[in-house]
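Coordinates in review
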Amino acid sequence: MAQLGVQLYRETFSCSICLELLKDPVTVPCGHSYCRGCIKTHWDAEEHNGLSTNSCPQCRQSFDSRPVLVKNTMLADLVEQLKKTGVQASPADHCYAGPEDVACDFCTGRKRKTLKSCLQCVASYCETHLQPHYGLPVFKKHKLVEPSKNLQENLCPRHDEVMKMFCRTDQQSICYLCSMDEHKGHDTVSAAAERTERQRELEGSRLNIRQRITDAEKDVKVLQQEVKAIDGSADKAVEHSEKTFAQMIRLIQRTSSDVKQQLRDQQDTDVSRVRDLQEKLEQEIAELKRRDAELKTLAQHDDHNMFLQNYHSLSALSESTSSIDIERPPRCNENVTEAVSEAREKLQDVLTKISSTLSQVDVSLTHPEPRTREDFLRYARDITLDPNTAHRLLYLSEGNRRAERKRKALAYPDHPDRFTKLQLVMSEQGLTGRCYWEVKWLASAIQVTVAYKNVGETLFAFTDKAWSLQFFENRYQFFHNKVITSFPGPQSNRIGVYLDHSAGVLAFYDVSETLTMTLLHRAQATFTEPLHAMVELCWGIGGTAEFIKLK
């Protein structure tokens, strides 16, 4: 209860302007009391703003002349007694305006935070000074908004009046004096009416954005399903390949073991046969050496009769084993070696084919191609032309977006990128991702091209580095890599180009005066580097081509 009483005292004996305990309190004719300095400052501010109402800040009662301020001695005595009891009128620090807050325009001294800003008064009010806007009928039509530091922007810089009107002719906010002065005769409406109209457009834009969000979310789900399908397919392929390679490895290991065993068995058989032959031959050699020694001894015997008697018994030799046909080991080993080498080469061919198949798989995700003009404009790209590439007969203007063919060569400096044979100019930007741009042209013939930076000056019909659409004699021709495709089509002097670099899609469209888009030609390719937009003004002096600013 004591705290409640203190709070009541604090509110009763506080100045509603400075929110402090009254200092030198005075009472104005309507009965409200203020610090003498605060009410004088308030009235001085009103006079400075061209107001001579001398009104009460709380009840807004105005006085014909500034009242004479007489000290309220009773309030002064009460305030002095309150000060002796230690009562303070200051609110908590969080009620005061900081550097980032909007300060109340009517607080003197330390200012409190703004609760609402009034667009009609072009002023901001704290909770205390805002009360008249809630209680007095005169303020009922005032528009209160969240605290704003930019209220002065609602005042006409010329007439210092609140700008309550909008000039549709000049697309700017004005005051009612402007509508009778420099904007007289213009299409003017109230700011509220224009806001209502723009609000409808805003809702339409939001509806379009929400629809695009919905479409994009659907595309995201499709891509998520695509990722899931890719993951599942890859997992199955990995599992199958691991299982197959494991089976192949086991088969190779088992075959290797069998071949090794068979080779060793064959080795043992062949070695055994050869050693048997070797043993027979070694025995024969020993027998022959013994007979040779006997014959040598006989040859050296001096007794002729003894020599002749023994000669017949020693000279008869047993049949020689040297005539045995010693067969070489069969060529089984060489045949096996050749077979294994051949199997290795075939396996290498199979593995190379598998790797090649994997490298050729296109795993890029294709994006849905735009269907409406709004879809195309989502990928609108500003194109500017590179002056260092412009042929000397081409004059660039409109921020290097427009090229015009002149009769005489221009004094462009030499540059390694400059085209000198064909009347060409190339964009500064290298294009990747998804892009859309439009070329508006006025000439007897034009060639709209998309090409690599290093395309050179060869005729585009004979290179694989450029994709070119030409209009001449009421027919279109598409050039690429020695292939020329001719076809009729609408002609409205405006061509749209859509590029999806990663998907390899390039499409040319005729854009009518009503912005209806008609597909002229669509090409599918594999782009290996950034592309550049190009135009060639083939014939006729004064022909122009301009890359339209779509955003």
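Look up a bit, the structure's there.
All values derive from a computational prediction rather than experimental measurement.

Notes on the side chain of Q429
Within the fold, Q429 resides in the loop between β11 (424-426) and β12 (434-442). Given a relative accessible area of 18%, Q429 falls into the buried group. One polar contact links Q429 to T384, side chain to side chain, over a distance of 2.8 Å. When neighbours within four sequence positions are excluded, Q429 is seen to be in contact with R381, D382, I383, T384, L531 and H532.

As for the sheet that holds strand β4 (residues 123-125)
Judged by pairing direction, the sheet is antiparallel, and its three strands sit side by side in the order β4-β3-β5 without closing on themselves. Each edge of the sheet is formed by a strand with only one pairing partner; in this case those strands are β4 and β5 (144-145). Sitting on the sheet, helix α4 (residues 127-135) is in contact with β3 (116-118), β4 and β5, with an inclination near 110° to β4.

Details of the sheet that holds strand β16 (residues 483-487)
The pairing of strands in a sheet happens through backbone hydrogen bonds and is either parallel or antiparallel. As summarised here, the arrangement of the six strands in space is β11-β20-β13-β14-β15-β16, forming an open sheet in which the pairing is antiparallel. The strands lining the two open edges of the sheet, one partner per strand, are β11 and β16. Taken over all neighbouring pairs, the strand axes of this sheet differ in orientation by 15° on average, direction set aside. Strand direction decides the pairing type here: strand β13 (residues 445-452) and strand β14 (residues 466-472), joined by seven bridges, are antiparallel. Its bridge partner being in β14, I446 is matched across the sheet by F471.

Section: the state of the cysteines
The tally for this structure, following the rule as stated, stands at zero disulfides. With no disulfide of its own, C118 has C121 as its nearest cysteine by sulfur position, at a separation of 3.5 Å.

Re the nonpolar core
Counting 38 residues, the largest nonpolar core has W437, W467 and F508 as the members making the most contacts within it. In this structure, Y34, C35, L69 and V79 belong to the second largest nonpolar core, which totals 19 residues.

Here's the deal with the pairing of strand β15 (residues 475-480)
One ladder, built from five bridges, connects β14 with β15; its direction is antiparallel. Within the sheet, the bridge partner assigned to F472 lies in β15 and is R475. Sheet topology places β15 next to β16; five bridges connect them, and they run antiparallel. Note on β16: the bridge partner recorded for F479 is I484. The loop that links β15 with its antiparallel partner β16 comprises two residues; one of these, N481, has a positive phi angle of about 50°.

Brief notes about the pairing of strand β17 (residues 494-500)
Where burial is concerned, most of β17 is hidden: seven out of the seven residues are buried. Along β17, one buried face is formed by R494, G496, Y498 and D500 and the opposite face, lined by I495, V497 and L499, is buried too. In this sheet, β17 lies alongside β12 in antiparallel orientation, the contact comprising seven bridges. Residue pairing for β17: Y436 is matched across the bridge by Y498. Taken together, the six bridges between β17 and strand β18 (residues 505-511) define a ladder with antiparallel strand orientation. Its bridge partner lying in β18, D500 is registered against V505. Hairpin remark: β17 followed by β18, antiparallel, with four residues in the connecting loop; positive phi at G504, about 70°.

About the cut-offs
- Residues numbered from 1 in each chain as written.
- Predicted model: local features only at pLDDT ≥ 70, side-chain atom pairs only at ≥ 80, totals over all residues.
- Heavy atoms only, no water.
- Helix = DSSP H or I, 4+ residues; strand = E, 2+ residues; numbered from the N terminus.
- Buried < 20%, exposed > 50% of the residue type's maximum accessible area, 1.4 Å probe, protein only.
- Polar contact = N/O pair within 3.5 Å; in protein donor to acceptor, adjacent residues only side chain to side chain.
- Contact = heavy atoms within 4.5 Å.
- Pairing = 2+ DSSP bridges.
- Axes fitted to C-alpha atoms, helices over the stretch in contact; angles between N-to-C directions.
- Disulfide = S-S within 2.5 Å.
- Core = buried A, V, L, I, M, F, W, Y, C linked by side-chain atoms within 4.5 Å.

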